[in-house]
Structures are given as C-alpha cells and as structure tokens.
Amino acid sequence: MAAIAAPRIESPSPKLIAPWWHTALLVALFLGLALSGAFFQRQARSEAGGLQQHPHLVPLYLSLIAMEWGLVYYVWKGLQRTGTKLSELIGGKWASIKDVLADAGLALGLWSTWKLAETAWDRWLGIGHAASIQTLLPQRALEILLWIGVSMSAGVCEELVFRGYFQRQFHAYSHSLWVAWLLQALLFGISHGYQGIEACVRIAVYGALFGLLALWRGSLRPGMMAHAWSDTLSGIFGI
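Residues numbered from 1 in each chain as written. Predicted model: local features only at pLDDT ≥ 70, side-chain atom pairs only at ≥ 80, totals over all residues. Heavy atoms only, no water.

Caption draft 1: Fine view of the overall build of the protein. Looking only at helices and strands, the protein features eight helices and zero strands. Counting from the amino terminus, helix and strand elements in the protein follow one another as α-α-α-α-α-α-α-α. The 239 residues of the protein split such that 42% are buried. Looking at the protein alone, contacts between residues at least 24 apart form 83% of all its contacts between residues at least 6 apart. For the protein, the exposed surface amounts to about 12800 Å²; the carbon and sulfur share of it is 68%. (Helix = DSSP H or I, 4+ residues; strand = E, 2+ residues; numbered from the N terminus. Buried < 20%, exposed > 50% of the residue type's maximum accessible area, 1.4 Å probe, protein only. Contact = heavy atoms within 4.5 Å. Areas by Shrake-Rupley, 256 points an atom, 1.4 Å probe, with all protein chains shown as cover.)

Caption draft 2: Spatial organisation of the packing of helix α7 (residues 197-217) against helix α8 (residues 221-236). Contact geometry for α7 and α8: axes closest at 9 Å, N-to-C directions at 150°. When the axis of α7 is compared with that of α8, the two are roughly antiparallel. For the pair α7 and α8, contact is made by Tyr-206, Phe-210, Leu-213 and Arg-217 and by Pro-222, Gly-223, Ala-226, His-227, Ser-230 and Asp-231, respectively. Classifying every residue of the contact of α7 with α8 gives five nonpolar, three polar and two charged. (Axes fitted to C-alpha atoms, helices over the stretch in contact; angles between N-to-C directions. Parallel < 35°, antiparallel > 145°, perpendicular 65-115°, else oblique. Nonpolar A, V, L, I, M, F, W, Y, C, P; charged D, E, K, R; others polar.)

Caption draft 3: Expanded view of a nonpolar patch on the surface. On the surface, a cluster of nonpolar side chains totalling about 460 Å² of accessible area is made up of Leu-31, Val-179, Leu-182, Leu-183, Leu-186 and Ile-190. No other element matches helix α6 (residues 177-190), which puts five residues into the nonpolar patch. (Patch = residues over 30% accessible without salt bridge, like charges linked within 9 Å, V, L, I, M, F, W, Y side chains within 5 Å. Salt bridge = Lys/Arg side-chain N within 4 Å of Asp/Glu carboxyl O.)

Caption draft 4: Main features of the nonpolar core. In this structure, Leu-26, Phe-30, Val-161, Tyr-165 and Phe-166 are the most contacted members of the largest nonpolar core, which totals 30 residues. The set of elements that each furnish at least two residues to this core consists of α1 (20-46), α2 (58-80), α4 (97-125), α5 (141-174), α6, α7 and α8. The contact partners of Leu-26, leaving out residues within four places of it in the chain, are Leu-71, Tyr-74, Val-75, Val-161, Tyr-165 and Phe-166. (Core = buried A, V, L, I, M, F, W, Y, C linked by side-chain atoms within 4.5 Å.)

Caption draft 5: Seen up close, the environment of Gly-105. Mapped onto the elements, Gly-105 comes out in helix α4. In this structure the C-alpha to C-alpha distance between Gly-105 and Ala-226, which are 121 residues apart in sequence, comes to 9.6 Å.

Caption draft 6: Here's a closer look at the packing of aromatic side chains. Under the defined criterion, the tally for this structure stands at 12 aromatic pairs. With 5.7 Å between their ring centres and 45° between their planes, Tyr-73 and Trp-76 make a pair best called tilted. Residue Tyr-73 and its partner Trp-76 are located together in helix α2, separated by three residues, close to a single helical turn. Relative accessible area serves as the criterion here: at 33%, Trp-76 is assigned to the partly exposed category. (Phe/Tyr/Trp six-rings, centres within 6.5 Å; stacked < 30°, edge-to-face > 60°.)

Caption draft 7: Fine view of the packing of α5 against α6. Running from amino to carboxyl end, α5 crosses α6 at an angle of 140°, the nearest separation of the two axes being 8 Å. As the angle between them shows, α5 and α6 are arranged oblique. Between α5 and α6 lies a crossing of right-handed hand. Taking contact as the criterion, the partners of Glu-158, Phe-162, Arg-163, Phe-166, Gln-167, Phe-170, His-171 and Ser-174 in α5 are, on α6, Leu-177, Val-179, Ala-180, Trp-181, Leu-183, Gln-184, Leu-187 and Phe-188. Across the contact of α5 with α6, the residue classes tally to 10 nonpolar, four polar and two charged. (Left-handed = near helix turned anticlockwise from the far one by under 90°.)

Caption draft 8: α2, seen in detail. Between its first and last C-alpha atoms α2 spans 33 Å; for 23 residues at 1.5 Å apiece the expected length is 33 Å, and the two agree. Listed in full, the buried residues belonging to α2 are Tyr-61, Glu-68, Leu-71, Val-72, Val-75, Gly-78 and Leu-79. (Expected span 1.5 Å × (residues − 1).)

Caption draft 9: Broad picture of the pattern of salt bridges. The full count for this structure, using the stated rule, is six salt bridges. Residue Glu-118 is joined to Lys-115 by a salt bridge in which the shortest nitrogen-to-oxygen separation is 2.5 Å. Here Lys-115 and Glu-118 lie together in helix α4, a separation of three residues that amounts to about one turn. Two residues, Glu-198 and Arg-202, come together in a salt bridge whose shortest N-O distance is 3.1 Å.

Okay, structure coming up:
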C-alpha cells in the first residue's frame, strides 16, 4: 500500500466557488427536506401499523438516485459561474493501484472508527429506530440491487455536496476552517430529519468524521468509498 502523507489541515481561506444565492437556495432545500421529514416522522408514529406493509420501493429508489445526481448537477451549474471544476472539489489523484488501495485503506479505517463509535453510542444510550424508514429498506433481489445504486450515488454525491461544496463555501464565508467543518456536519445531520432526531445527531457526528478525513487527506475519495459501502451494508445487512 502506498505511503499516506498527511497534508496540513490549515490553509488560506478559499474564494467562493459559487454565488451566495446558489448556496442559500441549496441550504433552504435541505432545511425544507428536514421539516418535511420531521412531519413525516410524526405521521409515521401517529399511524400505528400504517407503514408496516412493505411498500413499492423500486420507484422510490430510482427517484433517490435521480435526486442525488440532480444535486450534483445543481452544484456543477453553480461552479460554472466561478470557473471551478468538480475535480477541484473532489481532490486527490489516482495515478496507480497503490493510490486506490491507500484511499481504500483510509476508507476502511474511517468506517471502522464510525462503527466503533456507533456501537458505543448504542451501548450507552440504547438503540433507536426511526418509525418511517424500517419498511423502506430492501428485501427483494431487485430492491437490493437498486439499493446498492442508491448507496453508491449517496456516497459520491453527498460527499461532493457536503464535504466538497458546503465545506469550501462555508470556509470562504466564515474565514474559519473549523466553523466550516462544523456547519457542514450540522447541516448534514439536519438534512436527514426524516430519520428522527436521534439519527440526525448521529449523522451530524458521521459528517464531522468524514469532514475531518476530507480536510486531512485533501480528497473526498476515501470518504466517498466509506460512505457508499456504509450505506450499502447498513441497508442490506443492518451493519
């Protein structure tokens, strides 16, 4: 495996990579999703047994994949206004198989760290489950296949949006790398409001860990890999 050099986290405050209104609209979208998700969560709990029947998930999964890549398209259109390339947000470079293995090793280490933290959380605070998502996990072969597509899309797209776009934009606005890191993690957690309050807190911590790796490595690639297989395993095997 290639030697992993740790880049310095501190760096000059970057320039805006998209107009302010472009970022404001994207933040508003995620806040709107959080509010609607919280409402859905409340409805799910009030309708006892209402979501027990296994729903038709294929259209849902296809729409989620389209939505994830729609977010990337929106980000890309904003970047065009400043001449920023998507590759600049992703960072890093795979010049050989050793580079790929190095990032895969980092991804595995990050995922393992997260699972240890999650296990400790469950032991101290108990396991919580959102009422609205249990019936939305795959059971049939086609659903499992599409879930892998959803997970891979989420890994690439959400890391690009939150650890790439938002972390860079918030850094430019606040002139503080650590404020930017914190804000993107909080927004990442809030945007998952459909999973319930406890899940939002967990996911904010998840976003903070991934944000640290992106800063340390100077690349979103390990985080994308870890995010993708974390969602895949949790949805299919519950781990």
